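# Topology and contacts: notes
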There are 2 protein chains.
Amino acid sequence: MIERLCIIGVGLIGGSVARAARAEGLCHEIVGVDADADNLRKASACGVIDAGFSDIEQGAASADAVMIATPVGTFDVIFSALKSVWSTGAVVTDAGSTKCSVIESAERIFGEVPDNFVPGHPIAGAERSGVEASTVDLFRGKRVILTPLEDTSPLAVKRVESFWRSIGAKVSQMEPAHHDEVLAATSHLPHVLAFALTYMLGKKDEQTEIFQYAAGGFRDFTRIASSDPKMWLDICRANRREIVPLIHQFREELNVVAGLISSGAAEELFSVFADARNARQRFLDQLER
Amino acid sequence: MIERLCIIGVGLIGGSVARAARAEGLCHEIVGVDADADNLRKASACGVIDAGFSDIEQGAASADAVMIATPVGTFDVIFSALKSVWSTGAVVTDAGSTKCSVIESAERIFGEVPDNFVPGHPIAGAERSGVEASTVDLFRGKRVILTPLEDTSPLAVKRVESFWRSIGAKVSQMEPAHHDEVLAATSHLPHVLAFALTYMLGKKDEQTEIFQYAAGGFRDFTRIASSDPKMWLDICRANRREIVPLIHQFREELNVVAGLISSGAAEELFSVFADARNARQRFLDQLER
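Nothing here was measured: the structure is a model prediction, and the numbers come from that model. (Residues numbered from 1 in each chain as written. Chains lettered and ligands numbered in written order. Predicted model: local features only at pLDDT ≥ 70, side-chain atom pairs only at ≥ 80, totals over all residues. Heavy atoms only, no water.)

### Observations regarding the overall build of chain A
In plain terms, the rule: Helix and strand definitions follow DSSP, with helices as H or I runs of at least four residues and strands as E runs of at least two, each counted in order from the N terminus. We compute the radius of gyration from the C-alpha atoms alone; for a globule the expected value is 2.2 Å times N to the 0.38, where N is the number of residues. Accessible area is worked out with a 1.4 Å probe on protein chains only. A residue is then buried under 20% of its type maximum, exposed over 50%, and partly exposed in between. Surface accessibility follows the Shrake-Rupley procedure with a 1.4 Å probe radius. Residue values consider only the protein chains on display as shielding. Only four residue types enter the tally: Lys and Arg on the positive side, Asp and Glu on the negative side, with His and both chain ends excluded. Note that the charge is assigned to NZ on lysines, CZ on arginines, CG on aspartates and CD on glutamates.
Each helix and strand in chain A was counted, giving 11 helices and nine strands. Against the globule reference of 19 Å for 289 residues, chain A gives a C-alpha radius of gyration of 21 Å, in line with a compact fold. Within chain A, the fraction of its 289 residues that count as buried is 59%. For chain A, the computed accessible surface area is about 11,500 Å², with 48% contributed by carbon and sulfur atoms. For chain A, the distance from the average site of its 29 positive side-chain charges to the average site of its 39 negative ones is 3 Å.

What follows is the structure, given as structure tokens:
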């Protein structure tokens, strides 16, 4: 049982962690830290947290479990504040979308990554953001990836793992660099494409009102372009080493496809489309498992 | 009231037209033509059509309304077959996803586009295909674009317009070339991107099993990559004049975004993402109207 869980960043992810932990009776007390006073008030008012703090030191003091659920660009500031109240008896974890950048930030601030910090990433989200969008079952059936280092305390890893399992998530472990490589492909690249396409077509729409002829397929394809711009700015900067080469690889793939369309290469084009459809079916089959 | 509606291609679109026309009592008899005997049997068995023909001449003979709902690459063959039984008293329309190619096909086969042929395109679809996927309300609230030519009979246009309105669609008219330009942006380009991305990541997944770490955002983003490959092959070939330049425009857009990520240009990148989010909201607001 956690005595005092401190959630730093009470948005979609932090709010949902709090709701789920409370529903499962995992903590005696849940406190939230957020720079946005209005957001803290909302979180308190709807019972997501027991108390809210604008100050990290105050909120994290005497917490035996800390979850950092803010955009990855904020970690230097957050680790610096946590440093002064760091307790070796507590377990600290995070929900940051990139892992190498978070680990590098911890190294920068602490000299070396504290052994009671367990880097983690729940693969769950929504196009809505903020505590109003948080739900009790956001992580049910979803994957959480932990990327502990060689020196990370096995007991701390076990406690974080058991926390996520208790709220319904499927936990796996991998190397931080592998996490960033995989997520660049399955999440970061698709988001960049959705943002770039919606940006480009948005400019066209201002001139010729094309959006009124777009339908359900377009709505689904662009859903992730409604994601939080600040969060995605941070992800792109934090994982640029993986994302930028992938963008160029995709540009090359598009160049090949454009060539096939131009030259009317029916067989090759059909096989790209059919392979894509089969690959997606393979993905769907896994998602249901 | 239509005496005999002949639907050529009893798949998702043709089947849904038949179901809706029957539900609204718009025809005395609905016959289907399909090259796939198994599909015809299914369509008859579930009451979507009253009779099925593998032969276009037989099916279309004595029909006073004909709807062509096959992939756009088949129109030369279909117009050639219809030519021998063409009745100037009937109204013929289509549901092809591109309009210039359909009109060019009619010119090729008939010398000039018959004045009782009304080119059309219902903007509705699903990632599933085939008559099993057809529904009675597929077109309710959806847009249908008609692209009549100067010589098209106003009465024929009026009858087709009234047919679509009767089954719940919102009908508008535009120039064929403008249709192909707009749909290239809002539909064809997104489909090409979804196919190309899923193809590229499918190859990665075969090596390192990345799909197990993909989530709901990826499912929505790639939904249209489950569309019928044959239909999309035809669309890409038929509208290559519009699609290929758009692909290259998007590649250039991606190049700019990759540059912003590489150089850490936070403000510019944030404004691309925020503009994209706002553009999508504008699209959603229109969709609900």
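### Overview of the sheet that holds strand E8 (residues 143–146) of chain A
Residue and element names in this part refer to chain A. Cut-off, in case you're wondering: Any two strands with at least two DSSP-identified bridges between them are counted as paired. With axes taken as lines fitted to C-alpha atoms, and helix axes fitted only over the stretch in contact, angles between N-to-C directions fall between 0 and 180 degrees.
Reading across from one edge, E7-E8-E9 is the order of the three strands in this open sheet, with mixed pairing throughout. At either margin of the open sheet sits one strand with a lone partner, and together these are strand E7 (120–122) and strand E9 (170–173). Going across the sheet, the axis of each strand differs from the next one's by a mean of 20°, ignoring polarity. Two strands pair when backbone bridges link them, and E7 and E8 are joined in this way by three bridges, in the antiparallel orientation. Its bridge partner lying in E8, Pro 122 is registered against Val 144.

### Some details on the side chain of Ser101(B)
All names here are of chain B. Rules: Two N or O atoms form a polar contact when they lie within 3.5 Å of each other; inside protein one atom must be a possible hydrogen donor and the other a possible acceptor, and for residues adjacent in sequence the pair counts only when both atoms belong to side chains. Contacts: residue pairs with any heavy atoms within 4.5 Å of one another.
Within the element layout of this structure, Ser 101 appears in helix H5 (residues 100–110). Polar contacts involving the side chain of Ser 101 include one to the side chain of Thr 98, which spans 2.8 Å. In contact with Ser 101, other than residues within four places in its own chain, are Val 72, Asp 180 and Ala 238.

### Here we look at the packing of helix H10 (residues 240–263) of chain B against helix H11 (residues 266–288) of chain B
All names here are of chain B. Let me state the cut-off plainly: If an angle is under 35 degrees, it is roughly parallel; if it is over 145, roughly antiparallel; if it lies from 65 to 115, roughly perpendicular; otherwise it is oblique. The handedness criterion is simple: a crossing whose near helix is rotated anticlockwise from the far helix by less than a right angle is left-handed, and one whose near helix is rotated clockwise is right-handed. Under the scheme applied, nonpolar residues are Ala, Val, Leu, Ile, Met, Phe, Trp, Tyr, Cys and Pro; charged residues are Asp, Glu, Lys and Arg; polar residues are all the others, including Gly.
One way to put it is that H10 packs onto H11 with a least axis distance of 8 Å and a crossing angle of 135°. By the angle between their axes, H10 is oblique relative to H11. Every pair of crossing elements has a handedness; the one defined by H10 and H11 is left-handed. When H10 is examined against H11, the residues Val 257, Leu 260 and Ile 261 are found in contact with a partner set consisting of Glu 268, Leu 269 and Val 272. Residue classes in the contact of H10 with H11 are distributed as five nonpolar, no polar and one charged.

### A word on the domain arrangement of chain A
All names here are of chain A. Stated formally: Domain ranges listed in this record stem from an automatic or a database domain assignment. Here the quantity called buried area is the total loss of accessible area, with a 1.4 Å probe, experienced by two parts when brought into contact, counted for both. What makes a salt bridge here is a side-chain nitrogen of Lys or Arg within 4 Å of a carboxyl oxygen of Asp or Glu, nothing more.
Once the domains are mapped, chain A shows domain 1 (2–174) and domain 2 (179–288). Each of domain 1 and domain 2 has a C-alpha centre, and the two are 30 Å apart. Across the boundary between the two partners, domain 1 contributes 17 residues, which contact 15 residues of domain 2. For the domain 1 and domain 2 pair, buried surface summed over both sides reaches about 1,300 Å², with 64% attributable to carbon and sulfur atoms. Across the contact surface, domain 1 and domain 2 share one salt bridge. Where Arg 241 meets Glu 104, a salt bridge forms, and the shortest distance between an N and an O atom there is 3.2 Å. The interface formed by domain 1 and domain 2 holds five residue pairs in polar contact (both at pLDDT 80 or more) in total. A total of three residues in the side of domain 1 that touches domain 2 trace back to one element, the largest contributor, which is helix H5 (residues 100–110). Across the side of domain 1 that touches domain 2, the residue classes break down as six nonpolar, eight polar and three charged.

### A look at the interface of chain B and chain A
You'll often see interface size given as the accessible area lost when the parts meet. Facing 85 residues of chain B, the contacting portion of chain A comprises 85 residues. Both faces combined, the contact of chain B with chain A buries some 8,500 Å², and carbon together with sulfur accounts for 70% of it. Joining chain B to chain A, the criterion identifies eight salt bridges. For Glu253(B), the salt bridge goes to Lys203(A), with nearest N and O atoms at 3.8 Å. Our enumeration of links across chain B and chain A arrives at 27 residue pairs in polar contact (both at pLDDT 80 or more). Mapped by element, the contributors of at least two residues to the side of chain B that touches chain A are strand E8 (143–146), helix H7 (176–208), helix H8 (216–221), helix H9 (229–238), H10 and H11 of chain B.

### As for the pattern of salt bridges
One pass over the structure, following the stated rule, counts 34 salt bridges over all chains. For Asp220(A), the salt bridge is made with Arg219(A), and the minimal N-O distance between the two is 3.9 Å. Owing to a relative accessible area of 31%, Arg219(A) belongs among the partly exposed residues under this scheme. In this structure, the salt-bridge partner of Lys230(B) is Asp234(B), at a minimum N-O distance of 2.8 Å. Here Lys230(B) and its partner Asp234(B) are both found in helix H9, four residues apart, which amounts to about one turn of the helix. Residue Lys230(B) is classed as partly exposed on the basis of its relative accessible area, which comes to 34%. Classification of Asp234(B) by relative accessible area gives buried; the value is 6%.

### Considerations on the sheet that holds strand E4 (residues 65–68) of chain A
All names here are of chain A. Across the sheet, which stays open at both edges, the six strands sit in the order E3-E2-E1-E4-E5-E6 with parallel pairing between neighbours. Every interior strand has two partners, whereas the edge strands, strand E3 (51–53) and strand E6 (117–118), have only one. As paired elements, strand E1 (residues 2–8) and E4 share four bridges and run parallel to each other. Bridge pairing in E4 links Leu 5 to Ala 65.

### Quick look at the state of the cysteines
Residue and element names in this part refer to chain A. Definition in use: The definition used for a disulfide is geometric: two cysteine sulfur atoms within 2.5 Å.
By the definition in use, this model includes zero disulfides over all chains. In this model Cys 6 remains outside any disulfide bridge; the closest cysteine sulfur is found in Cys 27, 11 Å from its own. In this structure Cys 6 comes out as buried when scored by relative accessible area, which is 0%. The thiol of Cys 46 is not disulfide-bonded; the next cysteine sulfur, from Cys 27, is found 16 Å away. Look at Cys 46 and you get partly exposed, because its relative accessible area is 43%.

### Section: helix H6 (residues 154–166) of chain B
Residues and elements named next belong to chain B. Just so we agree on the cut-off: Helix span, expected: 1.5 Å multiplied by one less than the number of residues in the helix. Starting at the helix axis, one direction is taken to each C-beta atom, and the arc is that of these directions.
Along its 13 residues, H6 runs 18 Å from first to last C-alpha, staying within 8% of the 18 Å computed at 1.5 Å per residue. Taken together, the buried positions of H6 are occupied by Ala 156, Val 157, Val 160, Glu 161, Phe 163 and Trp 164. Projected down its long axis, H6 shows its buried positions confined to an angular sector of 155°, all on one face. Residues of H6 that are exposed and angled more than 90 degrees away from the buried face: Pro 154, Leu 155 and Lys 158.

### Brief notes about a negative patch on the surface
All names here are of chain A. Keep this limit in mind: Residues form patches when they are more than 30% accessible in relative terms and have no salt bridge. Like charges link within 9 Å. Nonpolar side chains (Val, Leu, Ile, Met, Phe, Trp, Tyr) link within 5 Å.
Negative charge collects at one region of the surface, where Glu 112, Asp 115, Glu 150, Asp 151 and Glu 175 lie side by side. Counting through the fold element by element, Glu 175 comes out in the loop between E9 and helix H7 (176–208). A relative accessible area of 57% places Glu 175 in the exposed class.

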